[in-house]
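Summary of the model geometry
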Amino acid sequence: MRPVVNSRVLSRLEVVATPRTFAIRTFGCQMNEHDSERLAGLLIGDGMVPAASDLEADVVVFNTCTIRENADLKLYSALGQLKQLKEQRPQMQIAVGGCMAQKDRGEILKRAQWVDVVFGTHNLASAPSLLRRSRSEGPLVEVLDAPDPEANREMAPALYAVRELPYAAWMTIQTGCDNSCAYCIVPAVRGGEISRPLRDLVDEATMLASSGVSEITVLGQNVNSYGRDITKRGPLFAQLLRALGEVDGIERIRFVSPHPKDLRPETVAAMAETQAVCNQLHLPLQSGSNRVLSAMRRGYTAERYMERLAGARRGIDDLAVTTDIIVGYPGETDTEFDETLEVAAAAEFDSAYTFIFSPRPGTRAALMVEDFVPEAVIKERFERLKEVLDRSALRKHEARVGRREEVLVEGPSKRNAQMLSGRTRQGKLVHFPVTAEPLRAGALVTLDVVHGAPYHLRGELSSVVRGPRHKIRIPLLSS
Ligand code: SF4
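Fair warning: this is a prediction, and the values are worked out from it, not measured in the lab.

All right, on to the sheet that holds strand β11 (residues 252–256) then. As summarised here, the arrangement of the three strands in space is β7-β10-β11, forming an open sheet in which the pairing is parallel. Since the sheet does not close on itself, it has two edges, and those belong to β7 (168–172) and β11, each with one partner. This sheet shows a mean twist of 20° between the axes of neighbouring strands, independent of strand direction. As judged from the five bridges shared by β7 and strand β10 (residues 215–219), these two strands associate in the parallel manner.

Laid out in structure tokens, this is it:
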């Protein structure tokens, strides 16, 4: 992530003293990406400025993840690369935060003695002071076992986050998870669910809208259960969607991830009736086999999943559905995998994230060593699943040819300088030719879809609805 920095802040800081510079390396999910944005905001608030590169930074922070494959390996090899640099520049500081820090805590200092600070998932706000203190006190570890619910509820708002995009923002509505999926380390490292007050979230969305943000992605491990811990009336997610939909200037609301077992009719109704909520649902399936789902402790059957999916499609017009599927869960038989193929084909997903099972130390699934599925079998299953998913994605995308879509422009295409890219309300990536009149990121346009491929659409500009809502940052000359 390359933080966007307000140069007005920078030029003011530069005349006071040469500020220390920082770089953040983020591993993992959107939640971590957003934590890094907040961390960048906290470090800037503490007088630091982003470095041009990791190699020049006075402070390098690793925001780690335990979910992805070989997370340990990746972290320790990245730390190893910095060891020599640290020997050449002893003033440089290295900090490790996030899920690996929560899990391994002091172990990190044993394996990489050149690390200065380790902070847990509940200690993000302490990172700047820990970095300051460790300059005189030496290496420090601060990892809270259980989150402080009140402190977590009042997480630093996005005002202090250094957002990557000026027109779109993430908003964390809850931390932790109360479920116990057998393959997942999140409850162990992030703790139980803690929801932020609804009023604070609406205020944050209002503040984001006033700074030019028009799209918000709501983040939580199980967004459906948002608010269950703050009121006896049950989850407040539907109310939250409706309340965010009232915020002037917020035109698009997305969310990840709802849990299929908790997808309630009132959420579907709120999605259908709130203009700003996009017609896109990410509903993780994980497996189509009831035995595997039960072993995973997912709390639903394949039939229940399909019912929920059908209910959502009935209730929400033109809904795009994406999913997550794990291949090769311990003990998964050929027949059980075939059941996953069948459910995946019947569900007709718009796209899917497929994962090869990899054990996370500390989870129940990691202990099922004797049931691990051989790698070659998993690879073959993975390819078969990909075929099914690609087929339905292509069908869905081809069906959009000839339609006019509202697209939020993201900027130049990463692969072709002659093309621009953006997202439809369904969340689909669409490329279209560069226009004679320059179009900036954050502009809203309509496009006619002319081609559908498995992973993207191609379109032609029909009209420009409006330019970007955010102000352009013009670098100020420092005195
Ligand atoms: S719902 Fe399951 S997979 Fe998702 S964070 Fe919670 S425990 Fe992990």
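On we go from here.
The environment of the ligand is made up of Cys-177, Asn-179, Ser-180, Cys-181, Cys-184, Val-186, Pro-187, Gln-221, Asn-222 and His-259. Residues that form the shell around the ligand fall into these classes: five nonpolar, five polar and no charged.

The next subject is the packing of helix α14 (residues 334–347) against helix α15 (residues 375–398). Where α14 meets α15, the axes come as close as 9 Å, and the angle between the chain directions of the two elements is 10°. Put simply, α14 runs roughly parallel to α15. The segment α14 lies against α15, with Phe-337, Thr-340, Leu-341, Ala-344 and Ala-345 engaging Arg-381, Arg-384, Leu-385, Val-388, Leu-389 and Ser-392. Looking at the contact of α14 with α15, its residues break down into seven nonpolar, two polar and two charged.

Per the domain assignment, the segments of the protein chain are domain 1 (7–142), domain 2 (151–322 + 341–348) and domain 3 (404–466). For domain 2 and domain 3, the distance between their C-alpha centres works out to 26 Å. Residue-level contacts link nine residues of domain 2 with seven residues of domain 3. Broken down by class, the residue content of the side of domain 2 that touches domain 3 amounts to four nonpolar, two polar and three charged.

A separate point is unusual backbone geometry. With glycine set apart, most residues show a phi of negative sign, and most peptide bonds adopt trans. Cis geometry is adopted by the peptide bond preceding Ser-257, which originates at Val-256 and carries an omega value of -15°. Mapping Ser-257 onto the fold places it in the loop between β11 and α11 (265–273). Backbone geometry places Arg-297, a non-glycine residue, at a positive phi of 60°.

With that out of the way, let us pick up the nonpolar core. Counting residues in each nonpolar core, the largest one holds 105 residues, and the members touching the most others are Ala-95, Met-171, Ile-216, Leu-241 and Ile-253. Examining the composition of this core, we find that six residues originate from one element, helix α2 (residues 30–45), more than from any other. Counting contributing residues per domain, this core is built from domain 1 (7–142) and domain 2 (151–322 + 341–348), each supplying no fewer than three. Residues within four places of Ile-216 in sequence aside, it is in contact with Ala-169, Met-171, Ala-205, Leu-208, Leu-244, Ile-250 and Ile-253. The next biggest cluster of nonpolar side chains, apart from the first, holds 13 residues, and it includes Val-409, Leu-444, Val-449 and Leu-457.

When two helices pack together, their arrangement is captured by the angle between the axes and the distance separating the axes. In the contact formed by helix α13 (residues 302–315) and α14, the axes pass within 11 Å of each other and the chain directions differ by 10°. Considering the angle they form, α13 stands roughly parallel to α14. Residue-level contacts link Ala-302, Met-306 and Leu-309 of α13 to Glu-339, Val-343, Ala-346 and Ala-347 of α14. Of the residues that constitute the contact of α13 with α14, the class distribution is six nonpolar, no polar and one charged.

A few words on the pairing of strand β17 (residues 429–433). Pairing between strand β16 (residues 419–424) and β17: five bridges, direction antiparallel. Bridging across to β17, Gly-422 finds its partner in Val-430. Taking the residues that link successive antiparallel strands as the turn, the β16-β17 hairpin has four residues, and the phi of Gly-427 there is positive, at about 85°. By the bridge criterion, two bridges tie β17 to strand β19 (residues 457–466) in an arrangement that is parallel. Residue pairing for β19: His-431 is matched across the bridge by Arg-458.

Cut-off values and rules
Residues numbered from 1 in each chain as written. Predicted model: local features only at pLDDT ≥ 70, side-chain atom pairs only at ≥ 80, totals over all residues. Pairing = 2+ DSSP bridges. Helix = DSSP H or I, 4+ residues; strand = E, 2+ residues; numbered from the N terminus. Axes fitted to C-alpha atoms, helices over the stretch in contact; angles between N-to-C directions. Near = placed C-beta within 6 Å. Nonpolar A, V, L, I, M, F, W, Y, C, P; charged D, E, K, R; others polar. Parallel < 35°, antiparallel > 145°, perpendicular 65-115°, else oblique. Contact = placed C-beta atoms within 7 Å. Domains from an automatic or database assignment. Core = buried A, V, L, I, M, F, W, Y, C linked by C-beta atoms within 7 Å. Buried ≥ 20, exposed ≤ 12 C-beta atoms within 10 Å, placed from the backbone.

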